[in-house]
Amino acid sequence: MSMQAGDFKWLTEQPIAHRGYHDMNQAVWENTQSAFARAIAAGYAIECDLQIAADGVPVVFHDDDLTRLCGLPGDVRQRTSRELAQLAVGGTADRVPTLTDTLRQVAGQVPLVLELKGRPGDDDGFADAVLECLETYDGPVALMSFDHHLLRDLKACNPPRPIGLTADGTRPEAFFTHEEAMQLGLDFISYCVLHLPNSFIEAQRKQGVPVITWTVRDAATVALTDEHADQMTFEGFAP
């Protein structure tokens, strides 16, 4: 049974800082405790990305590979959470945080929107591990993914959290796939702002499904969000 929009109005009440309120990786890097502290101070919700480390611990990290963010080669999933906690992000004092570290830091001060970065065939236990971390967490949290197998895994556990589809596309084939995912009873959608407006999103909004956009970086995409969605995931400016 899907939640009703009224159960989680918080999801669209404030702008959502994409990977935390970073400064486009100049001094404050994405998906770091510094970026999250900055978002909390500014009163923005936080979107962040989850991978699963080699020891089965969910960590906050976007890429599959360590090169861009940590300056060394290798697969993020081939290292344990303890090993990742030693790696500097962007050469700063920030290290790769676990989901538990992040929950401890945010502590319900602002909403969290967690995107699970799936890999088909390599995600056994990922959804369970994330939900286990959230069991005792008291603040508002939403979960989302591009990956339908992870959305199925999350829904199968019936957590008391909204679950959403992350998606993009402008073609009917894409909309057909998205419709299939929504049949799982999902609660919201996070959609590529550059692909709005479209018939899939219009139909979902008519049914009362909240829509947030990604990633808003300028006045034109703010305007698209205002007209065709309920809230934005932004970066690179102060809304």
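Notes on the structure in this doc start here. (Residues numbered from 1 in each chain as written. Predicted model: local features only at pLDDT ≥ 70, side-chain atom pairs only at ≥ 80, totals over all residues. Heavy atoms only, no water.)

**Some points on the environment of aspartate 55**
Thought 1: You can see aspartate 55 is positioned in the loop between β2 (45–52) and β3 (58–60).
Thought 2: For aspartate 55, a relative accessible area of 37% puts it in the partly exposed group.
Thought 3: Leaving out residues up to four positions away in the same chain, aspartate 55 has contacts with Thr80, Ser81 and Arg82.
Thought 4: A polar side-chain atom of aspartate 55 sits 2.7 Å from a polar atom in the side chain of serine 81. (Helix = DSSP H or I, 4+ residues; strand = E, 2+ residues; numbered from the N terminus. Buried < 20%, exposed > 50% of the residue type's maximum accessible area, 1.4 Å probe, protein only. Contact = heavy atoms within 4.5 Å. Polar contact = N/O pair within 3.5 Å; in protein donor to acceptor, adjacent residues only side chain to side chain.)

**Observations regarding the pattern of salt bridges**
Thought 1: This structure, assessed with the given rule, holds 13 salt bridges.
Thought 2: Two residues, aspartate 230 and arginine 205, come together in a salt bridge whose shortest N-O distance is 2.9 Å. Of this pair, aspartate 230 sits in the loop between α9 (219–228) and β9 (231–234) while arginine 205 sits in helix α8 (residues 199–206), and the two are 25 residues apart along the sequence.
Thought 3: Each of the salt bridges in this network shares a partner with another, and the network as a whole consists of Arg19, Glu30, Asp49, Asp63 and Arg68. (Salt bridge = Lys/Arg side-chain N within 4 Å of Asp/Glu carboxyl O.)

**Some remarks on the side chain of threonine 221**
Thought 1: Position of threonine 221 among the secondary structure elements: in helix α9.
Thought 2: Take threonine 221: its relative accessible area is 6%, and that puts it in the buried class.
Thought 3: Within polar-contact distance, the side chain of threonine 221 engages the backbone nitrogen of arginine 217 at 3.3 Å.
Thought 4: With residues up to four places along the chain from it excluded, the contact list for threonine 221 reads Val193, Leu194 and Val216.

**Topic: the nonpolar core**
Thought 1: Ranked by size, the top nonpolar core spans 51 residues in total, and within it Ile46, Leu112, Leu114 and Leu134 carry the most contacts.
Thought 2: Among the elements that make up this core, the one with the highest residue count is helix α5 (residues 126–134) (7 residues).
Thought 3: Within the second largest apolar cluster, 12 residues are counted, among which are Trp29, Val59, Leu69 and Val76. (Core = buried A, V, L, I, M, F, W, Y, C linked by side-chain atoms within 4.5 Å.)

**A word on the packing of aromatic side chains**
Thought 1: One pass over the full model with this rule turns up 8 aromatic pairs.
Thought 2: Centroid distance tyrosine 191 to phenylalanine 200: 6.1 Å. Interplanar angle 45 degrees. Geometry classified as tilted.
Thought 3: By relative accessible area, phenylalanine 200 is classed as buried at 2%. (Phe/Tyr/Trp six-rings, centres within 6.5 Å; stacked < 30°, edge-to-face > 60°.)

**Notes on helix α4 (residues 99–106)**
Thought 1: Taken together, the buried positions of α4 are Leu99, Thr102, Leu103 and Val106. On an axial view of α4, the arc spanned by its buried residues comes to 100 degrees, and they lie on one face.
Thought 2: Looking at the packing, one finds that the buried side of α4 touches α1 (33–42), β2, β3, β4 (112–116) and α5.
Thought 3: Backbone geometry just after α4 places alanine 107 at a positive phi near 50 degrees. (Arc of directions from axis to C-beta.)

**Details of unusual backbone geometry**
Thought 1: Between leucine 196 and proline 197 the backbone carries a cis peptide bond, its omega angle lying at -5 degrees.
Thought 2: Along the polypeptide, proline 197 turns up in the loop between β7 (188–192) and α8.
Thought 3: Residue threonine 215 follows tryptophan 214 across a cis peptide bond; omega there is -25 degrees.
Thought 4: Positive phi, close to 60 degrees, is recorded for asparagine 25, a residue that is not glycine.
Thought 5: Looking at the element boundaries, asparagine 25 is found in the loop between β1 (16–18) and α1.

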